[in-house]
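# An overview of the molecular structure
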Amino acid sequence: MDMPSPNVALIAKKDRIVSRLRAVLPDDAVISDIAETRAYECDALTAYRCPPLVAVLPANTAEVSAVLKICHEEGVPVVPRGAGTSLAGGALPTADCVILGVARMNDVIEVNYPDRFIKVQTGRTNLSVTGAVEQDGFFYAPDPSSQLACAIAGNIAMNSGGAHCLKYGVTTNNLLGVTMVLMDGTVVEVGGAHMDSGGLDLLGVICGSEGQLGVVTEATLRILPKPEGALPVLIGYDSNEVAGQCVSDIIKAGILPVAIEFMDRPCIEATEAFAKAGYPMCEALLIIEVEGSEGEIRDQLDRIMAIAKTHNPVELREAKDADQAYRIWLGRKSAFGAMGQINDYMCLDGTIPVSELPYVLRRIGEMSKEYGLGVGNVFHAGDGNMHPLILYNANKPGDLEKCEAFGADILKLCVEVGGCLTGEHGVGIEKRDLMTVQYAPVDLDRQMAVKDVFDPQWLLNPAKVFPLASSEARRAGGSAPSASGIHPRDI
Amino acid sequence: MMPKTEQELAELVAGGSGPFRIAGGGTRTIGLAEGEALSTRGLSGVKLYEPGSLTLVVGAGTLLSEVEELLAREGQRLAFEAPSLGGLLGVEGYSTIGGVVAANASGPRRMVAGAARDFSLGVRFVDGRGEVVKNGGRVMKNVTGYDLVKLMSGSHGTLGVLSEVSLKTQPMPETQVSLVYEGLSADRAVAMMSASLGSPFEVSGASHLPEAGGAAARTVLRLEGFEKSVAYRSGSLQALLAPFGEAAVLEITDSEALWLGIRDVQRFTAAEGDVWRISTQPSTAADIVAAINPLDAFYDWGGGLIWALTSSGTDIRAHIKNGHATLVRAAEADKRRLGVFPPENAVVAKLSEGLRRQFDPDAKFNRGMMG
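Predicted model only: the values in this text are computed from it and were never measured.

## Describing the overall build of chain B
The helix and strand tally for chain B stands at 13 helices and 17 strands. Radius of gyration (C-alpha) of chain B: 21 Å, near the 21 Å computed for a compact globule of 371 residues. Based on the C-alpha atoms only, the size of chain B along its principal axes is roughly 65 × 50 × 35 Å. Sorting the 371 residues of chain B into buried and exposed places 62% on the buried side. With the model as given, the accessible surface of chain B reaches about 13,300 Å², and the carbon-plus-sulfur share is 50%. Of the side chains in chain B, 36 bear a positive and 41 a negative charge, and the two mean positions are spaced by 5 Å.

Below is the structure:
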């Protein structure tokens, strides 16, 4: 994984940059000590690390604007950082960059129940947005599995999803407005507490732009009334094909469960050994959750179980109460931890058309044998978002590279069957060089043209999303051109 | 001009200097685009429909009615409930799906289900250089690169000509009913709609139709789903809203007809005057209507959407603090004077203009339409 060579001229004027930043921020909000900047050397894609030149922790929009104005004048690249939970390396620094962390900006600005929105500073964590309204019966719907830690800023940057988006959509469907600071320090309001744009839908392209168009400091989010209740059913099948058919039949029958989760045998075995949730040993396991009143839940579960039975399940277990629901979810929620017990793992995020599930799982199984690396599959089956977990040994030379090659092959397969490289994690650096698999040069060029408008010098998170070769000319326009790639781990 | 393939469309754009006035069915031409008509009707046909994956891929020139019939055969629909504004605008013709996406045309269900842009999974389009660009895809979770799908939806053909769109479909509910409350003031009605939308009973339509021509004001709430569930929620909602009065219940046929009328703004079809579409915060809606003092007005989206009928040539925009107003129907001279699309703040306007220059550097498409 190459990153552009750091601009030595910028590193040489570190003292000047730091002193200018200190002039606009409190002392403890500018981190320039080499040991301390190490705290920002990576996000949750820990295989790649590089301490930034400086890290800053502004407390409000005005401070963010002041920081960006200075960085713009000095020509310093800025890497925005939410909570640092990106699995795609979205917040990976370069040695010549300023990390702009939003962690101190975590206030609730306004809660409005009649109009059903909350306005927050974007350093606030996803779960604490719900936390601010749940006592009044509301919640914020997108629920990435990192929701305890991840920040709304990062959710907006990556257009994060979650397990419940079959019913509630992803971040972009729940975002009404933002306050954003452009690279030159200009503050802009896009959208508001009303719905839809009167002109071009800038909000739609800002969401999911991976911190490359601006730094979102405040966000207006839709909040929804909590359902009366929710219960899952667990269904086991002895083939992936049949499980896939069952999902399709449920959707065709007009039932829209709030979540349909799928686990394959390697994943079931790992979680069972770890969490002892009492899962059946079978090829494919579905957990389907429905919401509503007691009667509505009963009615939907009856419909789902009737469909499930037509496919001869090896197990059909319905949750009758909260405790049984907990048991059913226990294994699924422990799946990542369970795989982590076995070995290091890399979590992929491709999406496929649901109809291609059996073929894709068969091919992944074959590739697993070819590469000699184990893989377990967790899958949001309702929306086609796969999370293959490839097991490897980080201490074994060559294993990471082998794992990355295997991962790339799986993602290429996702694209080949009509899907995409990433469903909710984002491109970052992880999938950056695979973008040409999904998009033609002109498709990428028109995406980069959007960045040209928002950030003409390409200073905001410049080395992400687009293959370095595709973005080289644009990046060279502002900062030093990258002559040779250096492994960030080597810096 | 009516290219038959995407390739023909690309050649036509690359070879011509324009300006081109892009037309699907010509049923929602609210802006003042100049130029030679460029029809997308030749780019029609269903490329893929997988009901079990809730996925549809169609040529942009495919008729909305064809799409709706196709989906209905599998018990599905487009959840965002695209309006047919032909009657309101006094134009004949049939909407195309490309026009729906380009206009982000969304009806009463938008407030809970999402807009056309939220159900658009992927696009193919020809930009101002005559190049074919694709973005998004056919899967409902996709964060691979920038989301140009959203940017295209609602761009009214000013960034490119859509050639193909992928949409997420939704199961058609088994039934629907509407609860009708009579005689509420606008303030009270919005409060009631907010109470209903803040309840867990999944209201999929909330509209207030003030008194007109001697008929009492009606505030209507729609519930959709499986019969048992609708019956349960109807009962629970009536109990919750008892302080607002007693509800009459409309069964499926009457309920569907009522919401079709709201969706298509039938109330103003025969009335003289300009028609404005105002998106705002529900709790400010009644004050806005009082301030603009229109000939007539009604509320959708629980108050978040106001349709207002005003005397010709009246500018109401000074009264819209939180949100924006689009001048949907007016004489051409008034449209020119007042602007069809709402003014934007200076930074948004500059960014939008920058995007138009990137995608359509020679201003070939729908010149004069927006911005």
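Here the narrative resumes.
## Some remarks on the side chain of T144(B)
On the secondary structure map, T144(B) appears in the loop between β7 (132-136) and α7 (148-152). Polar contacts involving the side chain of T144(B) include one to the main-chain carbonyl oxygen of T422(A), which spans 3.2 Å. Excluding residues within four positions of it along the chain, T144(B) makes contact with C420(A), L421(A), T422(A), V427(A), M435(A), Q438(A) and Y439(A).

## Section: the environment of T351(A)
Tracing the sequence through the fold places T351(A) in the loop between β16 (344-347) and α13 (357-371). Not counting the four nearest positions on each side in its chain, T351(A) is found in contact with D383(A), G384(A), N385(A), M386(A), C414(A), G419(A), C420(A), T422(A), G423(A), V139(B) and K141(B). At a separation of 3.5 Å, a polar atom in the side chain of T351(A) contacts the side chain of N385(A).

## Some words on the domain arrangement of chain B
Residue and element names in this part refer to chain B. Entries for chain B in the domain assignment read domain 1 (6-171), domain 2 (175-263) and domain 3 (266-338). Taking the mean C-alpha position of each, domain 2 and domain 3 sit 23 Å from one another. Across the boundary between the two partners, domain 2 contributes 16 residues, which contact twelve residues of domain 3. Carbon and sulfur atoms supply 56% of the area buried between domain 2 and domain 3, which totals about 1,100 Å² over both sides. In this structure, the connection of domain 2 to domain 3 is made through zero salt bridges.

## Things to note about the sheet that holds strand β4 (residues 55-59) of chain B
All names here are of chain B. With antiparallel pairing, five strands are arranged side by side in an open sheet as β3-β4-β8-β6-β7. What marks the edges here is a single partner per strand, and that holds for β3 (46-50) and β7. Taking the axes of each pair of neighbouring strands and ignoring which way they run, one obtains an average angle of 15° across the sheet. Bridge analysis of strand β6 (residues 120-127) against strand β8 (residues 160-168) gives seven bridges, and the strand direction is antiparallel. By the bridge assignment, R124 is partnered in β8 with E164. Most of the contacts of helix α1 (residues 6-15) go to β6, to which it runs at about 45°, and overall it touches β6, β7 and β8. Of the strands in this sheet, β3 and β4 are in contact with helix α2 (residues 64-73), which crosses β4 at around 150°.

## Some thoughts on the packing of aromatic side chains
Scanning the model with the defined rule gives eleven aromatic pairs over all chains in all. The interplanar angle of 75° and the centroid separation of 6.3 Å between the aromatic rings of F201(B) and Y232(B) together place this pair among those described as edge-to-face. In this pair, F201(B) is assigned in the loop between α8 (186-197) and β11 (203-209) and Y232(B) in helix α9 (residues 227-240), connecting sequence segments 31 residues apart. A residue is classified by how much of its surface remains accessible, and F201(B), at 8% relative accessible area, is buried. Pairwise contacts between aromatic rings join W458(A), F466(A) and Y146(B) into one cluster. Over the face of the ring belonging to F226(B) we find R303(A), whose NZ or CZ atom lies 3.7 Å from the ring centre. Just above the ring of W259(B) sits the side chain of R222(B); from NZ or CZ to the centre is 4.8 Å.

## Points about the interface of chain A and chain B
At the junction of the two partners, chain A supplies 92 residues and chain B supplies 76 residues. Counting the surface chain A buries against chain B, the share from its top three residues, D196(A), L200(A) and R446(A), is 12%. Run the count over chain A and chain B and you get eleven salt bridges. Between K141(B) and D383(A) there is a salt bridge; the shortest N-O distance is 3.7 Å. Seen at the junction of chain A and chain B, the total is 32 residue pairs in polar contact (both at pLDDT 80 or more). Going through the elements one at a time, α7 (165-168), β9 (187-191), α8 (202-206), α9 (240-252), α11 (294-309), α15 (435-438) and α16 (441-454) of chain A are the ones with two or more residues in the side of chain A that touches chain B. Of all the elements, α16(A) adds the most residues to the side of chain A that touches chain B, at ten residues. Across the side of chain A that touches chain B, the residue classes break down as 41 nonpolar, 31 polar and 20 charged.

## Some words on the nonpolar core
A general feature of soluble globular proteins is that nonpolar side chains tend to end up buried together. Among the nonpolar cores identified, the biggest contains 225 residues, and V450(A), F454(A), L151(B) and L221(B) are the most heavily contacted of them. Element by element, the count of residues in this core is highest for helix α14 (residues 399-416) of chain A, at nine residues. Among residues more than four places away in sequence, those in contact with V450(A) are V205(A), L213(A), Y146(B), L148(B), L151(B), L355(B) and F359(B). Listed in part, the 27 residues of the second largest apolar core include V64(A), V98(A), V102(A) and V215(A).

## As for the UniProt feature "domain: FAD-binding PCMH-type" (unreviewed entry) in chain A
Under the UniProt annotation, the feature "domain: FAD-binding PCMH-type" (unreviewed entry) is placed at residues 48-226 of chain A. Secondary structure content for residues 48-226 of chain A is 21% helix and 25% strand, and the end C-alpha separation is 40 Å.

## Comments concerning the environment of G225(B)
Residues and elements named next belong to chain B. Tracing the backbone shows G225 in strand β12 (residues 218-225). The buried category is assigned to G225, whose relative accessible area is 14%. Considering only alpha carbons, one finds G225 and K150, 75 residues apart in sequence, at a separation of 28 Å. Contact partners of G225, with chain neighbours within four places excluded, come to P173, E174, T175, V230 and R233.

## Points about the confidence of the model for chain B
For chain B, per-residue confidence averages 96 on the pLDDT scale, and 100% of positions sit at 70 or higher. Here the predicted complex carries an ipTM of 0.97, next to a pTM of 0.96.

## As for helix α2 (residues 14-24) of chain A
Residue and element names in this part refer to chain A. Three or more residues of α2 are buried, namely K14, I17, V18 and L21. Seen end-on, α2 carries its buried residues on one side only, within an arc spanning 95°. In α2, those exposed residues whose orientation departs by more than 90 degrees from the buried face are D15 and A23. Contacts made by the buried residues of α2 are with α1 (8-12), β1 (30-31), α3 (34-37), β2 (54-56), α4 (61-74) and β4 (98-101).

## A closer look at the packing of α16(A) against helix α13 (residues 346-359) of chain B
Following both chains from N to C, one finds α16(A) and α13(B) inclined at 145°, their axes separated by 9 Å at the closest point. Classified by chirality, the crossing of α13(B) by α16(A) is right-handed. On the side of α16(A), the interface is formed by R446(A), A449(A), V450(A), D452(A), V453(A) and F454(A), while α13(B) contributes L351(B), G354(B), L355(B), Q358(B) and F359(B). Grouping the constituent residues of the contact of α16(A) with α13(B) by class yields seven nonpolar, two polar and two charged.

## Structural notes on the sheet that holds β2(A)
All names here are of chain A. Taken in spatial order, the four strands of this open sheet run β1-β2-β4-β3, and their pairing is mixed. For this open sheet the edge positions go to β1 and β3 (78-81), each flanked by a neighbour on one side alone. Pairing of β3 with β4, which is carried by four bridges, proceeds in the parallel orientation. What sits directly across from P80, in β4, is L100.

## Digging into the pairing of strand β13 (residues 259-264) of chain A
All names here are of chain A. Among the six residues of β13, six are classified as buried, and the element is accordingly described as predominantly covered. Residue alternation in β13 divides its side chains into two sets, A259, E261 and M263 and I260, F262 and D264, and both sets are buried. Bridge count between β13 and strand β17 (residues 375-380): three bridges; the pairing is antiparallel. Note that in β17 the partner of F262 across the bridge is F379.

## With respect to the UniProt feature "domain: FAD-binding PCMH-type" (unreviewed entry) in chain B
In the numbering used here, UniProt assigns the "domain: FAD-binding PCMH-type" (unreviewed entry) feature to residues 1-172 of chain B. Regarding residues 1-172 of chain B, the helix share stands at 25% and the strand share at 26%, and the terminal C-alpha atoms are separated by 37 Å.

Procedures and definitions
- Residues numbered from 1 in each chain as written.
- Chains lettered and ligands numbered in written order.
- Predicted model: local features only at pLDDT ≥ 70, side-chain atom pairs only at ≥ 80, totals over all residues.
- Heavy atoms only, no water.
- Helix = DSSP H or I, 4+ residues; strand = E, 2+ residues; numbered from the N terminus.
- Rg over C-alpha atoms; globule rule 2.2 N^0.38 Å.
- Buried < 20%, exposed > 50% of the residue type's maximum accessible area, 1.4 Å probe, protein only.
- Areas by Shrake-Rupley, 256 points an atom, 1.4 Å probe, with all protein chains shown as cover.
- Lys, Arg positive; Asp, Glu negative; His and termini not counted.
- Charge placed at Lys NZ, Arg CZ, Asp CG, Glu CD.
- Polar contact = N/O pair within 3.5 Å; in protein donor to acceptor, adjacent residues only side chain to side chain.
- Contact = heavy atoms within 4.5 Å.
- Domains from an automatic or database assignment.
- Buried area = accessible area lost by both parts, 1.4 Å probe.
- Salt bridge = Lys/Arg side-chain N within 4 Å of Asp/Glu carboxyl O.
- Pairing = 2+ DSSP bridges.
- Axes fitted to C-alpha atoms, helices over the stretch in contact; angles between N-to-C directions.
- Phe/Tyr/Trp six-rings, centres within 6.5 Å; stacked < 30°, edge-to-face > 60°.
- Lys NZ or Arg CZ within 6 Å of the ring centre and 35° of its normal.
- Nonpolar A, V, L, I, M, F, W, Y, C, P; charged D, E, K, R; others polar.
- Core = buried A, V, L, I, M, F, W, Y, C linked by side-chain atoms within 4.5 Å.
- UniProt positions renumbered as here; feature names shortened; annotations may be inferred.
- pLDDT = per-residue confidence, 0-100.
- Arc of directions from axis to C-beta.
- Left-handed = near helix turned anticlockwise from the far one by under 90°.

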